[in-house]
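# Close look at the chain arrangement
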Amino acid sequence: MLDIRNLSLRFGGIAALSDVAFSVRPGEIYSIIGPNGAGKTSLLNCVSGRYSPTAGSIAFQGRDISKLSPSGRAAIGIGRTFQNLALFGHMTVLENVMVGRHHLLKNNFLTGSLYWLSGARREELEHRRDVEQIIEFLEIQHIRKSIAGTLPYGLRKRVELARALALKPSLVLLDEPMAGMNLEEKEDMARFVVDLNEEWSVTVVMIEHDMGVVMDISHRIMVLDFGRKIAEGKPSEVVVDEQVKRAYLGEDSELDNSAAPNRAGSAAVVGTVAGMHRS
């Protein structure tokens, strides 16, 4: 579904990404991990079109999208969430999610002005039904009329995911979807990501620092360090990789040991998704 070849990104003399190559298969949960500053968000920004890579190519479903605009990428089925929330704080949850349907609306300024006569009302109701399904899936019905900027952090994360799903994506890019959440919120978000992948058939590329969650729900993992790919494979392969141990969590078996406290500290998360564990 997604094929990245020899991708490099430079800001002046700083190399954010260097010759990164990987592919994502349809139906995968593909996680990207690495230390802070490794280039993970820069990589997602290149895929979503916010950054233009210095070199390399990005192909989506066999089509080169390296020169395609961010809106063009959304139109062909690439949705994303952001590390720092990018909601419209003065709008309601429902209005924020409806924004994600904008590129699917066929009525324009002129036909929209004839709301009752041109079919604009009927079109809006059709999209509203789809949005209500997303709201129900993410269990945010009780806040649908609330102002987004007044909500707790964990719920705002869900609203942003809802807006990304409103695009009708076949690929969704999640930038630290569980950052800053408590254990209960992480449990819910992990369940939503797995259900999104399995029930809605959406391919997921996810950046996440919670190693317990990453190891438990990912099909494959890629590790970045200083903008370079140092490992890729199944969770069971990555967790024993010597380069990963040194670059990500230190020497010796620190990565193996870190998974245990992470899992203990995230007992609710792991307990919930244990039945969905990836072999």
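In this section: the sheet that holds strand 5 (residues 63-64). The antiparallel open sheet is built from four strands, whose spatial order is 2-1-4-5. The sheet is open, and its two edges are formed by strand 2 (14-24) and strand 5, each paired on a single side. Together, strand 1 (2-11), strand 2 and strand 4 (55-60) form the strand contacts of helix 1 (residues 40-48), whose direction differs from that of strand 1 by roughly 115°.

Attention shifts here to the side chain of S42. Here S42 is to be found in helix 1. With a relative accessible area of 15%, S42 lands in the buried category. Among all residues touching S42, those that are not within four sequence positions of it are L9, A16, L17 and Y51.

This next bit is on the environment of R128. Within the element layout of this structure, R128 appears in helix 5 (residues 120-137). Between the C-alpha atoms of R128 and E95, which are 33 residues apart in sequence, the distance is 10.0 Å. If we ignore the near neighbours within four places in the chain, the residues touching R128 are L94, M98 and R144.

Before going further, it helps to examine the layout of surface pockets. Of the voids in this model, the largest pocket is the one considered here, and its volume is about 490 Å³. Residue lining of the largest pocket: 20 residues in total, with P70, A74, R80, F82 and L167 positioned closest to the centre. Going through the elements one at a time, helix 2 (70-75), strand 6 (78-80) and helix 6 (153-166) are the ones with two or more residues in the lining of the largest pocket. With four residues, the top contributor of residues to the lining of the largest pocket is helix 2. Broken down by class, the residue content of the lining of the largest pocket amounts to nine nonpolar, six polar and five charged.

So, on to the pairing of strand 2. When a strand is regular, its side chains alternate between the sheet's two faces. In the sheet, strand 1 pairs with strand 2 via seven bridges, with the strands oriented antiparallel. For I4, the partnering residue across the bridge sits in strand 2 and is F22. Hairpin connection from strand 1 to strand 2: two residues lie between these consecutive antiparallel strands, with G12 at a positive phi of about 65°.

With that settled, consider the nonpolar core. L138, I140, M178, V193, L196 and V204 are the most contacted members of the largest nonpolar core, which has 36 residues in total. Those elements giving two or more residues to this core turn out to be helix 3 (93-99), helix 5, helix 6, strand 7 (171-175), helix 7 (183-199), strand 8 (203-207) and helix 8 (211-217). The element best represented in this core is helix 6, accounting for seven residues. With residues up to four places along the chain from it excluded, the contact list for V204 reads E28, I29, Y30, V172, L174, V193, L196 and N197. Counting 26 residues, the second largest nonpolar core, distinct from the first, contains L2, A16, Y30 and L173.

For the pair helix 6 and helix 7, the least separation of the axes is 10 Å and the interaxial angle reads 10°. The angle between helix 6 and helix 7 falls in the class roughly parallel. As helix 6 runs across helix 7, the sense of the crossing is right-handed. Residues G154, K157, R158, L161 and L165 of helix 6 touch helix 7, and the partners they reach there are E185, D188, M189, F192 and L196.

The subject of this paragraph is empty space enclosed by the protein. For the coordinates displayed, the defined rule picks out one cavity of 30 Å³ or more. Taken together, T81, F82, K157, E160, L161, L174, D175, P177 and M189 make up the full set of residues lining the largest cavity. Those elements that place two or more of their residues in the lining of the largest cavity are helix 6 and strand 7. No other element matches the three residues that helix 6 contributes to the lining of the largest cavity.

What follows deals with the pairing of strand 8. Along strand 8, five of the five residues are buried, which leaves the element largely enclosed by surrounding structure. Along strand 8, one buried face is formed by T203, V205 and I207 and the opposite face, lined by V204 and M206, is buried too. As paired elements, strand 3 (residues 29-33) and strand 8 share four bridges and run parallel to each other. When the sheet's bridge partners are listed, I32 is paired in strand 8 with I207. Direction of pairing for strand 7 relative to strand 8: parallel, over a ladder of five bridges. Its bridge partner lying in strand 8, D175 is registered against I207. Handedness of the crossover joining strand 7 and strand 8 through helix 7: right-handed.

Reading the values: the criteria
- Every chain is numbered on its own, with residues counted from 1 as its sequence reads.
- Totals for whole chains, interfaces and linings use every residue, but because this is a predicted model, local features are given only for residues with pLDDT of at least 70 and side-chain atom pairs only at 80 or more, for both listing and counting.
- The basis for every side-chain value is the complete set of non-hydrogen atoms in the structure, without hydrogens or water.
- Note on pairing: two strands pair once DSSP finds at least 2 bridges between them.
- Numbering of helices and strands runs from the N terminus; a helix is a DSSP stretch of H or I covering at least four residues, while a strand is a stretch of E covering at least two.
- Contacts: residue pairs with any heavy atoms within 4.5 Å of one another.
- Here an angle of 0 to 180 degrees is reported between the N-to-C directions of two axes, which are lines fitted to C-alpha atoms, with helices fitted over the stretch in contact.
- Partly exposed residues are those whose accessible area sits between 20% and 50% of the maximum for their type, while under 20% is buried and over 50% is exposed, using a 1.4 Å probe and protein chains only.
- Points on a 1 Å grid, built from protein atoms alone, make a cavity when a 1.4 Å probe fits but cannot get out and make a pocket when they are open with protein on both sides within 12 Å along at least 5 of 7 lines; residues with an atom within 4 Å of a point are the lining residues.
- Grid points are joined across faces, edges and corners, and a volume is the space filled by probe spheres set on the points.
- When residues are grouped by polarity, Ala, Val, Leu, Ile, Met, Phe, Trp, Tyr, Cys and Pro land in nonpolar, Asp, Glu, Lys and Arg in charged, and all others, Gly among them, in polar.
- The nonpolar core is taken to be a set of buried Ala, Val, Leu, Ile, Met, Phe, Trp, Tyr and Cys residues, with the residues joined through side-chain atoms within 4.5 Å.
- Any angle from 65 to 115 degrees is called roughly perpendicular, while one under 35 is roughly parallel, one over 145 is roughly antiparallel, and all others are oblique.
- Crossings are classed by handedness, with left-handed meaning an anticlockwise turn of the near helix from the far one by less than a right angle and right-handed meaning a clockwise turn.
- The path from the first strand over the helix to the second decides the hand: if it runs clockwise while the strands point away from the viewer, the crossover is right-handed.

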